[in-house]
Amino acid sequence: MRLIPFIISLLITCLLIGALSKQWTIGGKKAPAFGSFFSPQHGFWQNAEATDHDFSADLKFPQLGGKVEVYFDDRLVPHVFAEKTNDAYFVQGYIHAKFRLWQMELQTFAAGGRVSEVIGEKGLEHDREFRRLGMVYAAEIAQKEMEKDPEIKAECDAYTAGVNAYINSLTESTLPLEYKLIGYKPELWSNLKTSLFLKYMSYDLASHENDIEMTNAKSYFSAEDFAKLFPAVQDSLDPIIPKGTPFEKQKVFPVAPAGVDSIYFNSKDVAINETQKADPENGSNNWAVSGSKTVSGAPILCNDPHLGLNLPSLWFEMQLSTPDFNAYGATFPGAPSVIIGFNDNAAFGFTNGGRDVRDYYEIKFKDDSRKEYWFDSSWRATTFRVDTIGISGREPFIDSVAYTVFGPVMFDKSYSGKRSLNDKYYAVRWTAHDPSNELKIFTLLNKAKNYADYSAAVTNLHTPGQNCVFACKDGDIAIRTQGDWPAKWKGQGDFIMPGTDSSYMWQGMIPQDEVPFQYNPERGFVSSANQKPVDETYPYYIGRDYPPYRGITINKRLGDTTKFSPESMMKLQTDNFDGFAATVMPLILKNMQTGSFNADESKYFDLLKNWNLRDDIGAKGATVFEVVWQHFEDTVFNDEYAKAPKVIMRPHESTLAEALLKDSAFKFLDDINTSQVETLADNITAAFKQAALDLKTIEADGRLDWEKYNGVGIRHLGFIPQFSRLNLKTAGGSHAINANRSNHGPSWRMVVSLTAKTEAYGVYPGGQSGNPGSRFYDNFVDQWAEGKYYPLWMMTKAEVKNKSVKWKITFTN
């Protein structure tokens, strides 16, 4: 009789083991295997980090050539002292993996189109798009180029070995929490993954284009209306390189094809609708002032790249000290070197170049097999890349992508990218596909002592193109709009181009000696804020619609007679003045017809009228302005766009502002659906009345204060709310120097004064650890939200007994 209860107990035990070992789908989402996840020995409990956790250790790795000592300060910033340079990169890889492994792998999975392997079929659309864009193809080309360089290959090999040394040390209990939640394990790192990560940054910073939207707008509007809506020149432009600066003599003369007016500019073909795009607001601020404009007499360099706000953060703060260099700053988990920072002699930083280096060409295939395409009066053989996309929970997806002389055919009849038309073939030409060795710039900048070193370093940057700012203790300051920039004829690449012959291909790159730069300008400062880099005297076409307003504000502030200090630079970097609002508010107030306002409308108008043009905490007027301007743009343009294709270009905000400043009877103010002729006052007043209805709802929801409406938050990369920091009480806005909005903003603020003993400050919105169970996961967030900074300590070996040193890891062979 005892056998029956035993058998029943055994069966129940087996069922429980099976149930707890399986990943169940609950509410449409995969839950972790509960047995391992809740295991006291191996589960999420092991990721809880005690406040007195000891990070110290003595580690041995045969790959090392000498001794490396890493001192962690009270913010968990590692100060790495290596006897041999490549050992520093090994340890950098190890430490990046120790604190950010899941983030590193997630980013390379996203870049390589492998998200479906983890999250299943819902990641397939993303994976197909990234494979078809040629992300892996580009990374493979870049890896070959990097590994041709013995110094960079050795650097990458050491970094990869360090990452893998940490991965190989992991046990089930020490796996990062997200692996346990999602139910997978890390794979070994490779140099290709580092290359993929760098291409992911190229996607983020240099893949934005409006070819499809512009093509649809050209097809929808008359040539006259198109020219009004999308002017090539911004009246308000204060370029990176000041107006009137002479440029080098032109060496490349791009020629527009015969018949370009009828075939290209006046064609009325409607293009496809498009899939996800990189954030067009990925920008930044940087500037450097010479000693003539500072209290100390030494240059000051400032940089705050505006990128997505995530936890874990994009950045990891670090010092690398070797016999060859001593550098401190923000590093990328996933790549070696310091990316934005300073060394014993100089400082360096970046903003996004923002130019269009990704164009589409319409391909004519012989038939649906896509084996041949028409090019230069003959049928050319197509090459194919067959991708096997793994999908968790189902069979892999096989995708076949045709490659042409332009690049991969991203859109074809098998892949629509959720577009409305599926009968055309578009190949993508992107500079990120070209051979490049992007790591070289950072390796050399970490060592740079002077302007000559900076010049030799920055020319190694191809994609993403950046505005590279520099200052050194010699007193020099400089900025260079560096990248591989196509030499285009006017209008080239604004629309989808014919791909049947070579006449529409890029005809070369802008020579490096014609890339715009400034070196020790007379005005005593250099700056960039993603505005157009040059005026119309520059001989090459570089597109339209750059954001002008932050640049105007920065140049005005730097151009006054004030002597700057690190403290005043930190204040400037977190300034909340709204330059766009300052431009258009006089128009709004002058043309508002207040006579018919009800009580609510009058209340909101008073808030707007009395607003000080600053996106400060508690600024209700900033919220009113934002909502009113949104409604004003809709009131002006929605009637013309009512029957437009779903995906179409809308005018840049500066277009409407500048048009009204020149012409208060701007054509598009008139509503084409009414018999009367609407005026500027009619439009502004109607927009305000509509905005007041929204504002009443916003106020009822308790979101009228600017910081609540703007809703800045730092979201976990896995979109887990419990691991995020949402609805932060912080100031700033899209048109302020402090360019905070929703999930985007200053991802690393840095101010470096190049006095004899460098004085530097910085902060980023996150923490050094990627472990949500660590006190170092988000401990910088509040400091960042308040606009405060930490001193950046360039430690010396003589300071090992400093009270700021809390832990030490020794690496030996």
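The rules behind these values
Residues numbered from 1 in each chain as written. Predicted model: local features only at pLDDT ≥ 70, side-chain atom pairs only at ≥ 80, totals over all residues. Heavy atoms only, no water. Helix = DSSP H or I, 4+ residues; strand = E, 2+ residues; numbered from the N terminus. Rg over C-alpha atoms; globule rule 2.2 N^0.38 Å. Buried < 20%, exposed > 50% of the residue type's maximum accessible area, 1.4 Å probe, protein only. Contact = heavy atoms within 4.5 Å. Lys, Arg positive; Asp, Glu negative; His and termini not counted. Charge placed at Lys NZ, Arg CZ, Asp CG, Glu CD. Axes fitted to C-alpha atoms, helices over the stretch in contact; angles between N-to-C directions. Parallel < 35°, antiparallel > 145°, perpendicular 65-115°, else oblique. Nonpolar A, V, L, I, M, F, W, Y, C, P; charged D, E, K, R; others polar. Expected span 1.5 Å × (residues − 1). Bend = angle between axes of the 7 residues up to and from the residue. Pairing = 2+ DSSP bridges.

## Points about the overall build of the protein chain
Now for step 1: Across its full length, the protein chain holds 23 helices and 30 strands.
Now for step 2: Scaling as 2.2 N^0.38, a compact globule of 813 residues should have a C-alpha radius of gyration of about 28 Å, and the protein chain matches this with 28 Å.
Now for step 3: Within the protein chain, the fraction of its 813 residues that count as buried is 59%.
Now for step 4: For the protein chain, the proportion of contacts with a sequence separation of at least 24, taken over those separated by at least 6, is 72%.
Now for step 5: Of the side-chain charges in the protein chain, 86 are positive and 100 negative, and the distance between the mean point of each set is 4 Å.

## Digging into the packing of helix α3 (residues 85–111) against helix α9 (residues 191–206)
Now for step 1: Axis separation between α3 and α9 bottoms out at 9 Å; the angle between their running directions is 70 degrees. Comparing their axes, α9 and α3 come out roughly perpendicular. Contacts from Glu 105, Gln 107, Thr 108, Phe 109, Ala 110 and Ala 111 of α3 reach α9 at Lys 193, Leu 196, Phe 197 and Tyr 200.
Now for step 2: Looking at side-chain class alone, the contact of α3 with α9 contains six nonpolar, two polar and two charged residues.

## Here's the deal with the packing of helix α17 (residues 579–591) against helix α21 (residues 680–700)
How two helices sit against one another is set out by the angle between their axes and by the gap between those axes.
Now for step 1: Between α17 and α21, whose axes approach to 9 Å, the crossing angle comes to 95 degrees. Classified by the angle between their axes, α17 and α21 sit roughly perpendicular to one another. Every residue of α21 that contacts α17 at Leu 587, Ile 588 and Asn 591 is listed here: Leu 680, Ala 681, Ile 684 and Thr 685.
Now for step 2: Split into classes, the residues belonging to the contact of α17 with α21 amount to five nonpolar, two polar and no charged.

## Here we look at α3
Now for step 1: Between its first and last C-alpha, α3 extends only 29 Å over 27 residues, short of the 39 Å set by a 1.5 Å rise per residue.
Now for step 2: Along α3, the sharpest change in direction is near 100 degrees and occurs at Arg 100.
Now for step 3: With 24 of 27 residues buried, α3 lies mostly within the body of the structure.

## A look at the sheet that holds strand β13 (residues 358–362)
Now for step 1: The sheet built from four strands is open, its strands ordered β18-β19-β13-β22 with mixed pairing. Two strands close off the open sheet at either side, each with one partner strand: β18 (409–411) and β22 (497–498).
Now for step 2: Bridging between β18 and strand β19 (residues 426–430) involves two bridges; their strand directions are antiparallel. When the sheet's bridge partners are listed, Phe 411 is paired in β19 with Tyr 426.
Now for step 3: This element, helix α5 (residues 124–133), spans β13, β18 and β19 of the sheet and lies at about 150 degrees to β18.

## Some words on unusual backbone geometry
Now for step 1: With an omega of -5 degrees, the peptide bond between Leu 311 and Pro 312 qualifies as cis.
Now for step 2: Note on placement: Pro 312 falls in the loop between β8 (310–311) and β9 (316–321).
Now for step 3: Note that the residue after Thr 463, namely Pro 464, is joined by a cis bond; omega there is 5 degrees.
Now for step 4: By the secondary structure assignment, Pro 464 is in the loop between α14 (451–458) and β20 (466–472).
Now for step 5: Even without being a glycine, Asp 545 presents a positive backbone phi close to 60 degrees.
Now for step 6: Mapped onto the elements of the fold, Asp 545 is located in the loop between β24 (525–528) and α15 (549–558).

Structural measurements only, silent on function.
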